[in-house]
Amino acid sequence: MKEYWSYLASLLGVLAFCQTLLQLIFPPELRFLSLKFLSRIFHLFSSYCYFDITEIDGVNTNELYNAVQLYLSSFVSINGSRLSLTRALNSSAITFGLSNNDCIIDTFGGVTVLWEHVVIQRQSQTFTWRPLPDEKRGFTLRMKKKDKALILHSYLDYIMDKSNEIRRNNQDRLLYTNSRGGSLDSRGHPWESVPFKHPSTFDTLAMHPVKKQEIMHDLKDFANGQSFYHKTGRAWKRGYLLYGPPGTGKSSMIAAIANYLSYDIYDLELTEVHNNSELRKLLMKTSSKSIIVIEDIDCSVNLTNRKKNNKGNYCDPEDGGNSITLSGLLNFTDGLWSCCGSERIFVFTTNHIDKLDPALLRSGRMDMHIYMSYCSYPALKILLKNYLGYEESDLDCNVSKELAEAVDMVEMTPADISEILIKNRSDKQKAVGELLETMKTRAEGNMKRGSLKEKISDEMEDEEQEKRALESPKEGSDFEQPSKKEENVKKMK
Ligand SMILES: Nc1ncnc2c1ncn2[C@@H]1O[C@H](COP(=O)(O)OP(=O)(O)OP(=O)(O)O)[C@@H](O)[C@H]1O
Ligand SMILES: [Mg+2]
């Protein structure tokens, strides 16, 4: 036995000596190359092949990585043994994920594949324009070589579709906003996101039911219109311009659209975008199935100060590319760049449609112009139902008649009315009474103001007429201006 141990010790000693000798004789490059060669030989005879899906691809985020992560999280909770759990700030969902360097098996169309989540600490920070994350993350997909075609053609597409579906069904919508000053985060994103939890829906939106149905129909047509857009060669996008006084529900409508179609919202703060190329980059980083919103477009940037050139056409001021121009914005919504990605809705809102540049309003630019009006009676009925639980039949016949008459005479926004109803929601009758009272008072005020205005304008018109009568000489009087023809005759004489 003793002999055996001494034999083993001497063998180990010889091996260690050989290794040191090899290290001394062969430089590290040669050793690296030989290892690479050996691994090539190994892969040549192995029946498996591997795909690496890294989180960051060059400078761009790899959408496939996020999709795989989400896809695996849907069943990893049942099959995995060691999981990472995450819950985004304010999110209502817990996400399961594979722990670092853990594996999971999946089957697709009778084929078995193995996913490994690979996390490597980044060695040294080489020089980059922006800081990179401390870890390099990625997934490695292992499959049999013979299954490669199926995996590449169908499985990855399936994962993309499935992940989109999971995200829409299980997760909160996301509300993105462009970072202050156009800065990028460590993962190269110019957008910051928070879970979007706006409760507004088309059911709660107070507007004329016919108009509402029309909009909802248009939205569904758009969302289901992939083949139509493809067939007609049009980019799969749609533009809505929402205009109307403050408090009529423009922002609520955007939230309702997002909830209706399960789209994310990109709320673009134009004042934080420095130039057209930055705008283009922001657009490139938006995902499909999203709504890109520019609120108060008339106030965001000065897009209306365009000059007429000598041909009479409007053109942007020359600024050396240091600011956003209207043509840049139109390119953003209309041009070739607007087609990167698909299934996107552009929404612009304004309180003053008359202040917008005609180029923005031209037909074909924004597909639908939607006027968000002061509250009408059909809209009021929705508010009464939402806030007080009242159907029309619950109201006294006379009261509903009075409400219907009064609401058409006052210019009250749904926001004004909501306020009164919320304040008195514990006492429904009081709420309706106060609403009616307010409407009547305002209507009287409006009428008084209206008749006063009418009186003033009548008086002004009378004065104007008198003035004109004094200034213009009477027919046949001495002060009659000679006609041009007479003047010419005089000159000839
Ligand atoms: N049409 C509406 N239906 C239901 N609620 C509404 C409607 N309009 C306004 N409101 C209520 O009033 C509040 C303000 O509405 P919202 O922010 O959507 O108005 P807006 O038109 O976007 O105003 P602004 O022009 O000032 O941005 C909302 O929180 C909502 O409760
Ligand atoms: Mg708004």
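Cut-offs applied
- Residues numbered from 1 in each chain as written.
- Chains lettered and ligands numbered in written order.
- Predicted model: local features only at pLDDT ≥ 70, side-chain atom pairs only at ≥ 80, totals over all residues.
- Heavy atoms only, no water.
- Patch = residues over 30% accessible without salt bridge, like charges linked within 9 Å, V, L, I, M, F, W, Y side chains within 5 Å.
- Areas by Shrake-Rupley, 256 points an atom, 1.4 Å probe, with all protein chains shown as cover.
- Salt bridge = Lys/Arg side-chain N within 4 Å of Asp/Glu carboxyl O.
- Helix = DSSP H or I, 4+ residues; strand = E, 2+ residues; numbered from the N terminus.
- Pairing = 2+ DSSP bridges.
- Axes fitted to C-alpha atoms, helices over the stretch in contact; angles between N-to-C directions.
- Contact = heavy atoms within 4.5 Å.
- Right-handed = clockwise from strand over helix to strand, strands pointing away.
- Buried < 20%, exposed > 50% of the residue type's maximum accessible area, 1.4 Å probe, protein only.
- Arc of directions from axis to C-beta.
- Phe/Tyr/Trp six-rings, centres within 6.5 Å; stacked < 30°, edge-to-face > 60°.
- Lys NZ or Arg CZ within 6 Å of the ring centre and 35° of its normal.
- Near = heavy atom within 4 Å.
- Polar contact = N/O pair within 3.5 Å; in protein donor to acceptor, adjacent residues only side chain to side chain.
- Nonpolar A, V, L, I, M, F, W, Y, C, P; charged D, E, K, R; others polar.
- Domains from an automatic or database assignment.
- Parallel < 35°, antiparallel > 145°, perpendicular 65-115°, else oblique.
- Left-handed = near helix turned anticlockwise from the far one by under 90°.

*Asks:* How should a nonpolar patch on the surface be read in this particular structure?
*Replies:* Judged by side-chain polarity, Leu30, Phe32 and Leu33 come together as a nonpolar surface patch covering roughly 320 Å² of accessible area. For Phe32, the position within the fold is in helix α2 (residues 28-45).

*Asks:* Sorry, what's going on with the pairing of strand β8 (residues 135-144) here?
*Replies:* Along a regular strand, successive side chains alternate from one face of the sheet to the other. By the bridge criterion, 7 bridges tie strand β1 (residues 48-54) to β8 in an arrangement that is antiparallel. In the strand pairing of β8, Asp52 is matched with Thr140. Here strand β7 (residues 111-121) runs beside β8; their pairing, made up of 8 bridges, is antiparallel. In the strand pairing of β8, Trp115 is matched with Leu141.

*Asks:* I keep staring at the sheet that holds β7 and nothing clicks. Help me out?
*Replies:* If you walk across this open sheet you meet the 4 strands as β1-β8-β7-β6, and the pairing is antiparallel. The sheet terminates laterally at β1 and β6 (103-108), the two strands that pair on one side only. Here the strands of the sheet are splayed against their neighbours by 25° on average, with no regard to which way each runs. Pairing of β6 with β7, which is carried by 6 bridges, proceeds in the antiparallel orientation. Pairing of Thr107 across the sheet is with Thr112, part of β7.

*Asks:* How should I be thinking about the sheet that holds strand β17 (residues 368-371) in this particular structure?
*Replies:* Across a sheet, strands are paired by hydrogen bonds formed along the backbone, either parallel or antiparallel in direction. Strand order in this open sheet of 7 strands is β10-β9-β12-β13-β16-β11-β17, and the pairing throughout is mixed. What marks the edges here is a single partner per strand, and that holds for β10 (191-196) and β17. Neighbouring strand axes in the sheet, compared pairwise and without regard to direction, differ in orientation by 20° on average. Across the sheet, helix α5 (residues 209-223) lies against β11 (237-243), β16 (344-350) and β17, angled at about 150° from β17, the strand it touches most.

*Asks:* Help me understand the pairing of strand β12 (residues 264-267) in this model?
*Replies:* Pairing of strand β9 (residues 173-178) with β12, which is carried by 3 bridges, proceeds in the parallel orientation. Across the sheet, Leu175 pairs through a bridge with Ile265, a residue of β12. Taken together, β12, helix α8 (residues 276-284) and strand β13 (residues 290-294) form a β-α-β motif whose crossover is right-handed.

*Asks:* Would you mind going over α8 with me for this structure?
*Replies:* Since the α-helix turns once every 3.6 residues, residues separated by three or four places project in the same direction. Those residues of α8 not exposed but buried are Glu278, Leu279, Leu282 and Leu283. End-on, the buried residues of α8 take up no more than an arc of 145°, which puts them together on one face. In this structure, the buried residues of α8 make contact with β9, β10, β13, α10 (326-334) and β16.

*Asks:* Quick question: what am I supposed to make of the packing of aromatic side chains here?
*Replies:* How two aromatic rings sit relative to each other is given by the distance of their centres and the angle of their planes. In the structure shown here, the tally under the stated rule is 14 aromatic pairs. Measuring from centroid to centroid gives 5.1 Å for Tyr65 and Phe139, while their planes differ by 35°, and the two rings are tilted. Of this pair, Tyr65 sits in helix α3 (residues 63-79) while Phe139 is found in strand β8, placing the two residues 74 residues apart along the sequence. Accessibility expressed as a relative area gives 2% for Phe139, which makes it buried. Ring centres of Phe108 and Tyr158 lie 5.0 Å apart, and the angle between their planes is 35°; this geometry places the pair in the tilted category. On the criterion of sequence distance, the pair formed by Phe108 in strand β6 and Tyr158 in helix α4 (residues 148-170) is long-range, its members being 50 residues apart. Residue Tyr158 is classed as partly exposed on the basis of its relative accessible area of 34%. A network of ring pairs unites the aromatic residues Tyr65, Tyr71, Phe108, Trp115, Phe139, Tyr155 and Tyr158 as a single cluster. Sitting over the ring of Tyr260, Lys220 keeps its end group 4.6 Å from the ring centre.

*Asks:* Is there a simple way to think about the site of ligand 1 in this case?
*Replies:* Around ligand 1, the structure places 15 residues, and the nearest of them are Ala206, Lys250, Ser251, Ser252 and Asn351. For ligand 1, an oxygen atom lies 2.7 Å from a polar atom in the side chain of Lys250. Protein coverage of the free-state accessible area of ligand 1, which is 630 Å², stands at 72%. At the level of elements, α7 (250-261), α12 (377-388) and α14 (414-423) are the ones that each hand at least two residues to the shell around ligand 1. The element that contributes the greatest number of residues to the shell around ligand 1 is α7, accounting for 3 residues. Its residues assigned to classes, the shell around ligand 1 comprises 7 nonpolar, 7 polar and 1 charged. When we break the shell around ligand 1 down by domain, the ones giving at least three residues each are domain 2 (175-316 + 323-371) and domain 3 (377-446).

*Asks:* Sorry if this is basic, but what is going on with the packing of α8 against α10 here?
*Replies:* When two helices pack together, their arrangement is given by the angle between the helix axes and by the axis-to-axis distance. Orientation of α8 relative to α10, taken along the N-to-C sense of each, is 15°, at an axis distance of 9 Å. Here α8 is positioned roughly parallel relative to α10, judged by the angle of their axes. When the axes of α8 and α10 are compared, the crossing they make is right-handed. For the pair α8 and α10, the contacting residues are Asn276, Leu279 and Leu283 in the first and Gly328, Leu329 and Phe332 in the second. Grouping the amino acids of the contact of α8 with α10 by side-chain chemistry returns 4 nonpolar, 2 polar and no charged.

Functional significance is not addressed by these values, which are geometric in nature.
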